[in-house]
Amino acid sequence: MDRREFVKKAGLWSAGMGALSPLRSQEKPVESTREYYEEPAKKLPVRTFDVVVAGAGTAGVVAAIAAARRGAKTILIEKKGYPGGTVTEGGTALHSFFNLWKAFPGVEKRQVVRGIPQEIIDRLLKAGGTSGHAEVFIGDDYDSICTAIDTEIYKLVSFEMLVESGVRMAVNTLLAGAIVDGQRIRGVIAESRSGREAIYARAFVDCTGYGDLASFAGAKYAEPNDYGVVNSMGVGGVDVERYFDFLQAHEAVSNLARGLRSGRPGQIVRLDTNGKAFPAEFRAAAGKIGLAMTTTTVHDNYFMFIKMGLKMPVSPTSRDAVAEAELELRKRQIQAIDLFRKYVPGCEKAFIARTSPGLNIRRARLISCDYDISRSDVLDGRHFDDDVMAYGFHDNAPRLQIKNGGTYGIPYKALRVAGIDNLLAAGMMITSHHDAHMSTRNTVCCMGQGQGAGTAAALCAAMKCGTRDLPVRDLRDALVKAGVYFES
Ligand SMILES: Cc1cc2nc3c(=O)[nH]c(=O)nc-3n(C[C@H](O)[C@H](O)[C@H](O)COP(=O)(O)OP(=O)(O)OC[C@H]3O[C@@H](n4cnc5c(N)ncnc54)[C@H](O)[C@@H]3O)c2cc1C
């Protein structure tokens, strides 16, 4: 049971959220062909760096800053025009910089992720782009802390931090291939309107979410297709307080956090409902389009991350299946906004203020690494001698918690892509077990992994060694110096 299923069990939409309204119309992944065109070989210009980070998303931003701050000549390759990734497009809020202390009497609340991820929040605070670390109440108490963000300010602030750190920003640039020499990656192929180029480096970090670099380089991977795809939208023109009053009058608030909103503390920044307040026709319609009503906000008249979901029959690496889902999700968004206007008090004039540029998913490719963090590693709070961070949140609390409200460690070996000498991975593409992944894939964990992987890549480049030859003591010392918090 994941968080969605928990909410459903708690009495939310009778249909839809858990089922995610599957898309059934197409079964064929990609149109097959018998005809082939032989692409002529071509000379590409070569640029040389110490570290290549692929993907400027949740993990990649932090990885590139970490590598560049260690003095590595670092390039960050991102297909969109801005950094941010799924943290600005998919999730409801950042979970979590803190441990899950509430379920364990006597356990202290403590911030367990610090370093560059916290620096980003500090910068966002100065720019008016976050709720701050807001305490969430679900029912009586179980949850931890969520940190809501202004997605647009996040994109700008992270871009500025990358440039200040000296990272070469290759945005609007697609990572399109890998140049492999035995077990080593020599370089990557990047494509932009400036042309196709080869980018050589000593160390590589795959933060594409989908493991594009690892798969181009021949790493082993699986495609579990165990989640629905989502496009989340920002809804403007709403009255947060009126909506809250309506839910409260029906005893229908199931999840609430207060923090900074439009510059004022103590305001509602996260709100969810058990659905009791809504008529059956609303619930049925919401269920059909996979509408989830959890929202966060950092502005008075705005709901962030209203999600429409569906379950694809094939993996979201199939271009044609994805095209169909993209269209279907956009249709569902329009249907959702009509439901808001008709049934949700405070939302009579609601409109779609933003959508994600493409569908999001909680995992696509699962990349094989030297170590696979297990369910019991997470739940028993296991630490390793090569930890790169501590983490203490689980997306399925209260059913699944880290033992005694503590933390587990993300070991460096879990970031080393199996079979390749100079490639690390960070983000949602690691950790095979569904329950373990429901912890490691959360934004703040991905960010911390990014700091570990970027720091390690810079050290490997400086020492001219492979990822398996890096002394873990040196990695730990560098991370401690950079403000990373450890519990072992
Ligand atoms: C619907 C949904 C809800 C969620 N809710 C929450 C939540 O409430 N709280 C929470 O903490 N977590 C939540 N998560 C999980 C979390 O947001 C993700 O697991 C995490 O952000 C993934 O980070 P990442 O760095 O692995 O990937 P991403 O952040 O997706 O970064 C990947 C980056 O790589 C780029 N890229 C990909 N391929 C290429 C290529 N070939 N060339 C160049 N660039 C490329 C992408 O454009 C992107 O910028 C949610 C996720 C989803 C999908």
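The environment of the ligand is formed by 35 residues, the closest being Thr58, Glu78, Thr86, Arg441 and Thr443. One of the side-chain N or O atoms of threonine 92 is found 2.8 Å from an oxygen atom in the ligand. The contact in question runs from an oxygen atom of the ligand to an N or O atom on the backbone of arginine 441, over 2.6 Å. Mapped by element, the contributors of at least two residues to the shell around the ligand are helix H2 (58–69), strand S7 (174–181), strand S19 (360–361) and helix H11 (443–463).

If you trace the 5 strands from one edge of the open sheet to the other, you get S6-S3-S2-S10-S23, paired in parallel fashion. Since the sheet does not close on itself, it has two edges, and those belong to strand S6 (168–170) and strand S23 (423–425), each with one partner. Pairs of neighbouring strands in the sheet enclose a mean axial angle of 20°, with direction left out of account. Relative to S6, strand S3 (residues 74–77) is paired through 3 bridges, and the arrangement is parallel. Bridge pairing links leucine 76 to methionine 169 in S6.

What follows deals with the environment of valine 62. As for its position among the elements, valine 62 is in helix H2. Of the residues examined, valine 62 reaches a relative accessible area of 0% and is grouped as buried. It is 9.6 Å that separates the C-alpha atoms of valine 62 and glycine 115, two residues lying 53 residues apart in sequence. For valine 62, the contacting residues outside a window of four places in its chain are Ile116, Pro117, Ile120, Met447, Gly450 and Gln451.

Moving on to the sheet that holds S7. Read from one edge to the other, the open sheet built from 4 strands follows the order S1-S9-S8-S7, with strand pairing classed as mixed. Where the open sheet ends on each side, the last strands, each with one partner, are strand S1 (46–48) and S7. Each strand axis lies, on average, 30° off the axis of its neighbour in the sheet, ignoring direction.

Following alanine 397, the chain continues into proline 398 via a peptide bond in cis, with omega recorded as 10°. On the secondary structure map, proline 398 appears in the loop between strand S21 (387–391) and strand S22 (408–411). Phi is positive for asparagine 225, which is not a glycine, with a value near 45°. The backbone of glutamate 251 sits at a positive phi, close to 50°, despite the residue not being glycine. Along the chain, glutamate 251 falls in the loop between helix H6 (240–249) and strand S13 (253–261).

Rules of the game
Residues numbered from 1 in each chain as written. Predicted model: local features only at pLDDT ≥ 70, side-chain atom pairs only at ≥ 80, totals over all residues. Heavy atoms only, no water. Near = heavy atom within 4 Å. Polar contact = N/O pair within 3.5 Å; in protein donor to acceptor, adjacent residues only side chain to side chain. Helix = DSSP H or I, 4+ residues; strand = E, 2+ residues; numbered from the N terminus. Pairing = 2+ DSSP bridges. Axes fitted to C-alpha atoms, helices over the stretch in contact; angles between N-to-C directions. Buried < 20%, exposed > 50% of the residue type's maximum accessible area, 1.4 Å probe, protein only. Contact = heavy atoms within 4.5 Å.

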